[in-house]
Amino acid sequence: MPLTRIVCRDTLSEEVLAIISDTLHDCLVREFAVPAQDKFQIFERLPASQRVYDRHYLSGGRSDDFILVLITAGKPRSTEQKRQFYQALSAGLSEKVGISPEDVMVTIQFNQAEDWSFSRGEQYI
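Rules used throughout
- Residues numbered from 1 in each chain as written.
- Predicted model: local features only at pLDDT ≥ 70, side-chain atom pairs only at ≥ 80, totals over all residues.
- Heavy atoms only, no water.
- Buried < 20%, exposed > 50% of the residue type's maximum accessible area, 1.4 Å probe, protein only.
- Helix = DSSP H or I, 4+ residues; strand = E, 2+ residues; numbered from the N terminus.
- Pairing = 2+ DSSP bridges.
- Right-handed = clockwise from strand over helix to strand, strands pointing away.

Naming follows an unreviewed UniProt entry, where the protein chain appears as Tautomerase-like protein of Scandinavium goeteborgense.

S.K.: What is the right way to look at the pairing of strand E3 (residues 67-73) in this model?
M.R.: Across a regular strand the side chains alternate sides, sitting on one face of the sheet and then on the other. Across the 7 residues of E3, 5 count as buried, placing the element largely inside the fold. Pairing analysis gives 5 bridges linking strand E1 (residues 3-9) to E3, with the strands arranged antiparallel. Following the sheet pairing, Val7 is matched in E3 by Leu68. For E3 and strand E4 (residues 104-110), the ladder comprises 7 bridges, and the chain directions are parallel. Within the sheet, the bridge partner assigned to Val69 lies in E4 and is Val106. This β-α-β element, E3 to helix H2 (residues 79-97) to E4, shows right-handed connectivity.

Written out as structure tokens, the structure is:
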């Protein structure tokens with residue numbers, strides 16, 4: 001049950017956003033054992049002035065294509081699952097939309113099932 005926010009530049013086309021969405025979801029299903037129908041994503045397209053980041057911190061160099069993926073997930077994953085997810089996502093975005101792996105940053109936060117209400121004010125337990 002991940003909720004994913006994708007922060008990217010404001011000039012990406014709807015077509016590219018759809019490919020990013022599908023690539024991200026495919027990686028979550030394959031590497032994170034997320035059910036196929038569990039797809040909740042929020043895209044934030046921001047102008048350059050609202051995306052402030054160091055172009056070289058722990059990277060070979062970021063470009064204007066820098067994309068930040070923030071994941072909130074209800075079930076912990078192993079270090080190996082996370083590593084495989086990071087690599088699959090970076091490779092997939094590079095292959096499918098030409099975003100360099102240097103431009104892909106991911107952060108994951110985990111919480112508990114009781115922290116989710118999908119509808120009707122009911123907890124997911």
